[in-house]
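Listed below are the residues making up each chain.
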Amino acid sequence: MAQATSPPNTSESNPYLQMRARLDLASKLLQLDPGVYDILSTPFQELTVSVPVKMDNGSLRVFTGYRVQHSIARGPAKGGIRYSPEVSLDEVRALSAWMTWKCAVVNVPFGGGKGGIICDPRRMSQGELERMTRRYTANILDIIGPERDVPAPDMNTGERTMAWLMDTYSMHTRATTTAIVTGKPVGLGGSLGRREATGLGVAFTAREALKHLGMPDQGCSVVVQGSGNVGGLAAQFLHEMGHKIVAMSDMYGGIHCEAGLDIPAVLQWLKDKGRLEGFPGSIAVENAALLTLPCDVLVPAATENQITSTNAEDIKAKVIVEGANGPTSAAADAILERRGVFVAPDILANAGGVTVSYFEWVQNRMGYFWEKQDVFDRMERIMVDSFRDVVQAAEKYQTSARIAAYCLSVERVAYCLTMRGIYA
Ligand code: GLU
């Protein structure tokens, strides 16, 4: 997770309203039926659970958890679970809707869901995290399942969390059910390549965006906000493609080196020291300054609402490739579009993760596992085709890549809703 600026509490900082603003624009362009719009702008199902946990010191604490299923029109709900003090119902609602659009953009047969628990995982022991995860799983058990809703990792959760969730579900159902979650450890039914998938998908999208804009396929300067599973791996793959990563950040701050950072060494440093700060040959840079550094490509891969009406005018990048979900506000979209900045939107750019989650779910259900290169090749094909579909939709509707991606996905979800009809 990267250091993040705390936005003021305005509608610009409410992720659900930001999602709705884009849905509204796409719905107008598509001349969407008002009834279908009403369905798509409201989550299908929301569950709030209180999660009592025996803490290590013997005290009892009650955490609040959510699981929101925005849509199941195209298939089971799909989406991660995040642990953070910043989790709120509106954030989980927005993230679940973004999963619906994301799965539809890359055409994987899932709806959208998301979960979260309000907690500070850095201040909790492994045992406390395990008990919290298991009780949360038990509390949402009735609405999840391989054919209902398939969770995955997100901020501050990972393969360990997924293993606990899978075990808890399997103990309740009396059957080992690997397909209940994706992002599991590889030795426990996880897919090869899932760990790298989101970062690699971001790098593929950056490559396609540069090609689309006629920019060089090597030697571009890149700023990455974040250094976790998305930012760290996106930096690594872009570095391997021959680009120059000039700055990166983590939750404590950023590092900058105009000549380009040695990314494998940076990632090793981060692993050893637990923070980027002090990386030899780099200078420290604050999060706000990092976003407005001169560069060709900016990859926000931290959290929501980082590029807003307050800093969009100052962004120097020519291309933004959104590794995070919702890093740009709707007001910032308009500013960036006017300034000619090309934005590869989150629901396209970071969809490599859920694409390989789909492959994991398929492999679990067929009981046969694929080679890593096969996983990467299939994911690359989907990312390249989806980028092309979005660019074509942008031409068709004379709109930005973001709104084009919404148009494409809203159309696909609306089609399923209409074909299924209304059960009454
Ligand atoms: N949490 C990831 C996302 O936001 C992955 C979700 C999944 O694989 O289901 O896309």
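Everything below is about the structure shown above.
Residues numbered from 1 in each chain as written. Predicted model: local features only at pLDDT ≥ 70, side-chain atom pairs only at ≥ 80, totals over all residues. Heavy atoms only, no water.

## Thoughts on the overall build of the protein chain
Along its length, the protein chain carries 14 helices and 12 strands. For 424 residues, the compact-globule estimate of 2.2 N^0.38 gives 22 Å, and the C-alpha radius of gyration of the protein chain, at 20 Å, lies within 12% of that figure. If you line up the protein chain on its principal axes, its C-alpha atoms span 55 × 55 × 45 Å. Per-residue burial over the protein chain gives 60% buried out of 424 residues. Sequence-distant contacts in the protein chain: of pairs separated by 6 or more residues, those separated by 24 or more amount to 68%. Working note: accessible area of the protein chain is about 17,300 Å², and carbon and sulfur atoms make up 52% of it. Across the protein chain, the centroid of the 42 positively charged side chains sits 4 Å from that of the 45 negatively charged ones. (Helix = DSSP H or I, 4+ residues; strand = E, 2+ residues; numbered from the N terminus. Rg over C-alpha atoms; globule rule 2.2 N^0.38 Å. Buried < 20%, exposed > 50% of the residue type's maximum accessible area, 1.4 Å probe, protein only. Contact = heavy atoms within 4.5 Å. Areas by Shrake-Rupley, 256 points an atom, 1.4 Å probe, with all protein chains shown as cover. Lys, Arg positive; Asp, Glu negative; His and termini not counted. Charge placed at Lys NZ, Arg CZ, Asp CG, Glu CD.)

## Description of the sheet that holds strand β3 (residues 77–84)
Taken in spatial order, the 5 strands make up an open sheet running β1-β2-β4-β3-β5, and their pairing is mixed. The open sheet is flanked by β1 (45–54) and β5 (149–153), the only strands paired with a single partner. Direction aside, the axes of adjacent strands within the sheet are offset by 25° on average. Judged from the 10 bridges that link them, β1 and strand β2 (residues 60–71) form a sheet pairing that is antiparallel. (Pairing = 2+ DSSP bridges. Axes fitted to C-alpha atoms, helices over the stretch in contact; angles between N-to-C directions.)

## Details of the sheet that holds strand β9 (residues 283–285)
Across the sheet, 7 strands lie side by side as β9-β8-β7-β6-β10-β11-β12; this open sheet has mixed pairing. In the strand order of this sheet, the two ends are held by β9 and β12 (342–344), each with one partner. Here the strands of the sheet are splayed against their neighbours by 20° on average, with no regard to which way each runs. Strand direction decides the pairing type here: strand β6 (residues 221–225) and strand β7 (residues 244–250), joined by 4 bridges, are parallel. The residue of β7 that forms the bridge with V224 is M248. Sitting on the sheet, helix α8 (residues 263–273) touches β7 and β8 (253–256), and the angle it makes with β7 is about 15°.

## Concerning helix α1 (residues 15–30)
Helical geometry: 3.6 residues make up each α-helical turn, so side chains three or four residues apart lie on a common side. With 16 residues, α1 should cover 22 Å at 1.5 Å per step; its first-to-last C-alpha distance of 23 Å lies within 8% of that length. On the buried face of α1, the contacting elements are α2 (34–40), α3 (89–105), α10 (330–338), α13 (372–397) and α14 (401–420). For α1, the N-terminal cap is N14; the gap from its side-chain oxygen to the backbone nitrogen of Y16 is 2.8 Å. Two residues or fewer past α1, Q31 is found with a positive phi of approximately 50°. (Expected span 1.5 Å × (residues − 1). Polar contact = N/O pair within 3.5 Å; in protein donor to acceptor, adjacent residues only side chain to side chain.)

## What about the site of the ligand?
The full set close to the ligand counts 14 residues, and K78, K102, P153, D154 and S357 are the nearest of them. The side chain of N325 places a nitrogen or oxygen atom 3.0 Å from an oxygen atom of the ligand. One nitrogen or oxygen atom from the side chain of S357 is found 2.6 Å from an oxygen atom belonging to the ligand. Look at the ligand: alone it shows 290 Å² of surface, and the protein chains cover 95% of it. Of all the secondary structure elements, the ones that give two or more residues to the shell around the ligand are β3, α3, β5 and α12 (352–366). Its residues placed into classes, the shell around the ligand shows 4 nonpolar, 5 polar and 5 charged. (Near = heavy atom within 4 Å. Nonpolar A, V, L, I, M, F, W, Y, C, P; charged D, E, K, R; others polar.)

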